[in-house]
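As a plain string of letters, each chain reads:
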Amino acid sequence: ALRAGGALREAHRQAEAGGLSMSALLVADEPMTRVGPPGLTLRVGATVDDAPDMMRIYNAANMADGVDERASVDSMRHWLASATPHFDPMRNVVVASVHGVPVAYGWTWWVDASDGPREYATRGYVLPEWRRQGIGSAILTHNEARLRELAASHKVDRPRVFATATPERRLGAVVLLTGAGLLLV
């Protein structure tokens, strides 16, 4: 698992002092600027109509990475129809398309972790044939900005951290996240 503590320096200090169990830290104050392939667009918001494309992306990414999990169109529709105070698909999902064809997606959410901090989290999937072309970086940059916006709007008494998780076998995700400044700890 990878976790990040960014603009919120207090979370970083606590993690360094051993106050938080983190497996990675992001210490940059500003998101990095990244670009993707020609024709790349990011669309904020997803509906149940996006479920077939998102299922295709999710399943292809998992197959390429040797992850046994698969989604159905129905399970993806259910997820996209299940807005909560912590996750709103119309605000927290971003779909990446190249020349109008969806090739990746990412999402953000927040949760109060049992070990103390409020985690502002991000995840995403990119079709294998579109990896290493800046699409995952573009989604990560977008999601970092969204999480900073959310964190700034929440008044909480607990530490706030940025977080993400990925199995080590998702080598592309590990490369993306470490390339963005995450340090495995």
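Predicted, not measured: the structure shown is a model, and the values here were computed from it.

Draft legend 1. The pattern of salt bridges, seen in detail. Under the counting rule described, the total for this entry stands at nine salt bridges. Between Asp65 and Arg131 there is a salt bridge; the shortest N-O distance is 2.8 Å. Taken as a pair, Asp65 in helix α2 (residues 51-65) and Arg131 in the loop between β6 (118-126) and α5 (135-153) lie far apart in primary sequence, 66 residues in all. When the shortest N-O distance is used, the salt bridge between Glu149 and Arg146 registers 2.5 Å. Of the two residues, Glu149 and Arg146 both sit in helix α5, three residues apart, roughly one turn of that helix. Its relative accessible area of 9% is what places Arg146 among the buried residues. Each of the salt bridges in this network shares a partner with another, and the network as a whole consists of Asp65, Arg131 and Arg170.

Draft legend 2. Up close: the layout of surface pockets. The volume enclosed by the largest pocket comes to roughly 550 Å³. If you go around the largest pocket, you meet 30 residues; those closest to its centre are Val126, Gly136, Gly172, Ala173 and Leu176. Elements with a contribution of two residues or more to the lining of the largest pocket: α2, β6, α5 and α6 (171-179). It is α6 that contributes the most residues to the lining of the largest pocket, seven residues altogether. Its residues assigned to classes, the lining of the largest pocket shows 14 nonpolar, 11 polar and five charged.

Analysis parameters
- Residues numbered from 1 in each chain as written.
- Predicted model: local features only at pLDDT ≥ 70, side-chain atom pairs only at ≥ 80, totals over all residues.
- Heavy atoms only, no water.
- Salt bridge = Lys/Arg side-chain N within 4 Å of Asp/Glu carboxyl O.
- Helix = DSSP H or I, 4+ residues; strand = E, 2+ residues; numbered from the N terminus.
- Buried < 20%, exposed > 50% of the residue type's maximum accessible area, 1.4 Å probe, protein only.
- 1 Å grid on protein atoms, 1.4 Å probe; cavity = no way out; pocket = protein on both sides within 12 Å on 5 of 7 lines; lining within 4 Å.
- Points joined across faces, edges and corners; volume = space filled by probe spheres on them.
- Nonpolar A, V, L, I, M, F, W, Y, C, P; charged D, E, K, R; others polar.

Bear in mind that shape data such as this cannot, by itself, settle questions of function.
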